[in-house]
Amino acid sequence: MATAAQVKALVESHSLGDDARFRSVVLEIVENAARTGRTRYAQEVRALLDAARTGPAPGAASGAAARRPVSAVQPRGELARALTVVEPATRLADVALGSEVMGRLHRVLAEQRRAEALRARGFEPVRRLLLAGPPGTGKSLTAEALAGELLLPLYEVRLDALADLPAEEAGSRLRLVFDLLARSRGVYLFDDLDTLADPADRPGAGARETLRTFTALLEQDASDSVVVATSQRPQVLERWVLRRFDALLDYPLPTTGVVHEVVLRRLRGFDLSAVEWPRVASTASGLSHEEVSAAAQSAAKQAVLDGGRHVETTALLTALRERRQMLKMAP
Ligand SMILES: Nc1ncnc2c1ncn2[C@@H]1O[C@H](COP(=O)(O)OP(=O)(O)OP(=O)(O)O)[C@@H](O)[C@H]1O
Ligand SMILES: [Mg+2]
């Protein structure tokens, strides 16, 4: 049965029209039920949830999305070497995540949307996020989704390029980025902070000094832009780096419920009624969201080649096994 906290989260998400959070709480309840042997109940709730698979189409204008988007600055010259601008095409409902992290992301959105009210009472909205987890778990996708939800442009800062520069040059490039960040509200993605944090990766480079400049600029920044940094190995980030962020969000490999959600999102419009989900979940165990999504796409192509929109369990299982095989071959 649902816990008191889950019922509260259901009512809250329903009243806010927050479909993604509502779904992830229901999935949590389904998983608990399945784990404690209430298989039939789990299946019934799962089927109800699948039947209610609606939600706004990606990019659809509704509610908050009806507000006017902030237009992007087109970076030129030196700035264009430091970052690229992306038109966000994703919403949070397109990202399959566990209920805890989804709840925290919705909290970030709520604070951003009511930033003025918070500031009027002397509070700062959460805006410096560090997303940490294995490759392909949706960290970069989340930055894009936050930009999509807030109708802000997404700027991707090229940290890998910075790590190869002498520290002084990298520092002046970073200053340009933080100038823009203060001038033009957006979501700024500093992808793969580890490239600066672990000097073992780049002997001789001034990466650590660049990291120090980054954290100093982050600390000084008092803008209303949102900063999203990502890390695959947060253990290489020391305390003085972690301290600069308002929130650290954990991105683990997908649970069985989240595997299901990844497949549903990837295969919108396909007939999944015959899919044996428990077999899919156990074959997907240990794979990332990205790998599950790629396997789902491969099974969908098979369905199209077979002349329909009916996805077979065996096609999904084969594609998942192929992804696992590829992983084994990777160095
Ligand atoms: N949580 C998710 N829900 C749905 N699709 C996902 C999710 N995570 C990853 N994907 C799929 O995998 C692709 C790559 O994901 P993403 O770039 O966000 O991973 P990442 O966590 O940033 O990985 P890396 O650490 O390698 O940069 C996405 O564009 C999407 O197609
Ligand atoms: Mg990424």
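Above: the structure in question.
A. Representation of the packing of helix H14 (residues 277-284) against helix H16 (residues 313-329). Where H14 meets H16, the axes come as close as 9 Å, and the angle between the chain directions of the two elements is 5 degrees. By the criterion of interaxial angle, the relationship of H14 to H16 is roughly parallel. For the pair formed by H14 and H16, the contact residues are Arg 279, Val 280, Ser 282, Thr 283 and Ala 284 on the first element and Thr 313, Leu 316, Leu 317, Leu 320, Arg 321 and Arg 324 on the second. Taken together, the residues of the contact of H14 with H16 sort by class into 5 nonpolar, 3 polar and 3 charged.

B. A look at the environment of Val 95. Residue placement: Val 95 occurs in the loop between strand S1 (83-86) and helix H5 (99-113). We classify Val 95 as buried; its relative accessible area is 2%. Beyond its immediate chain neighbours, meaning those up to four positions away, Val 95 contacts Thr 90, Met 102, Leu 141, Thr 142, Ala 145 and Arg 265.

C. Summary view of the packing of aromatic side chains. Counted by the stated rule, this structure contains 4 aromatic pairs. Consider the rings of Tyr 155 and Tyr 188, whose centres lie 4.7 Å apart with planes at 20 degrees: the pair is stacked. With a gap of 33 residues between them, Tyr 155 in strand S3 (residues 154-157) and Tyr 188 in strand S4 (residues 187-190) connect regions that are remote in the sequence. Looking at Tyr 188, the relative accessible area reads 0%, which means it is buried. For the pair Phe 178 and Phe 190, a centre-to-centre distance of 5.7 Å together with 25 degrees between the ring planes defines the contact as stacked. Of this pair, Phe 178 sits in helix H9 (residues 167-183) while Phe 190 sits in strand S4; the two residues are 12 residues apart in sequence, bridging distant segments of the chain. Accessibility expressed as a relative area gives 7% for Phe 178, which makes it buried. An aromatic cluster of three or more residues is present, and its members are Phe 178, Phe 190 and Phe 214.

D. Layout of the site of ligand 1. Surrounding ligand 1, one finds 14 residues, the nearest of these being Ala 96, Gly 136, Lys 139, Ser 140 and Gln 232. Separating an oxygen atom of ligand 1 from a backbone N or O atom of Thr 137 is a distance of 3.1 Å. When the free accessible area of ligand 1 is taken as 630 Å², the share hidden by the protein chains comes to 76%. Secondary-structure elements contributing two or more residues to the shell around ligand 1 are helix H7 (139-150) and helix H15 (289-305). Top element by residues in the shell around ligand 1 is H7. It accounts for 3 residues. Here the shell around ligand 1 is built from residues that sort into 5 nonpolar, 6 polar and 3 charged.

Analysis parameters
- Each chain has its residues counted from 1, following the order in which its sequence is written.
- As a convention, the first chain written is A and the first ligand written is 1, with the rest following in written order.
- Totals for whole chains, interfaces and linings use every residue, but because this is a predicted model, local features are given only for residues with pLDDT of at least 70 and side-chain atom pairs only at 80 or more, for both listing and counting.
- Remark: hydrogens and water are excluded; side-chain values derive from all non-hydrogen atoms of the structure.
- Under this scheme, a helix contributes an axis fitted over its contacting stretch, all axes are lines through C-alpha atoms, and angles between N-to-C directions fall in the 0 to 180 degree range.
- Going along the chain from the N terminus, every DSSP run of H or I of four or more residues is numbered as a helix, and every run of E of two or more is numbered as a strand.
- Each angle gets one of four labels, with under 35 degrees taken as roughly parallel, over 145 as roughly antiparallel, 65 to 115 as roughly perpendicular, and the rest as oblique.
- The contact criterion used is simple: two residues touch if any of their non-hydrogen atoms lie within 4.5 Å.
- Put simply, Ala, Val, Leu, Ile, Met, Phe, Trp, Tyr, Cys and Pro go in the nonpolar bin, Asp, Glu, Lys and Arg in the charged bin, and everything else, Gly too, in the polar bin.
- Burial status follows relative accessibility: with a 1.4 Å probe on protein chains alone, a residue under 20% of its type maximum counts as buried, one over 50% as exposed, and anything between as partly exposed.
- Each Phe, Tyr or Trp ring (for Trp, its six-membered ring) is paired with any other whose centre lies within 6.5 Å, and the angle between the two planes then decides the class: stacked below 30 degrees, edge-to-face above 60, tilted in between.
- Here a residue is considered near a molecule or strand provided that any single heavy atom belonging to it is located within 4 Å of it.
- Any pair of N or O atoms that falls within 3.5 Å is considered a polar contact. Within protein, one atom must be able to donate a hydrogen and the other to accept it, and sequence-neighbouring residues count only if both atoms are side-chain atoms.
- Only the protein chains shown count as cover for residues, and the accessible areas themselves come from Shrake-Rupley with a 1.4 Å probe.

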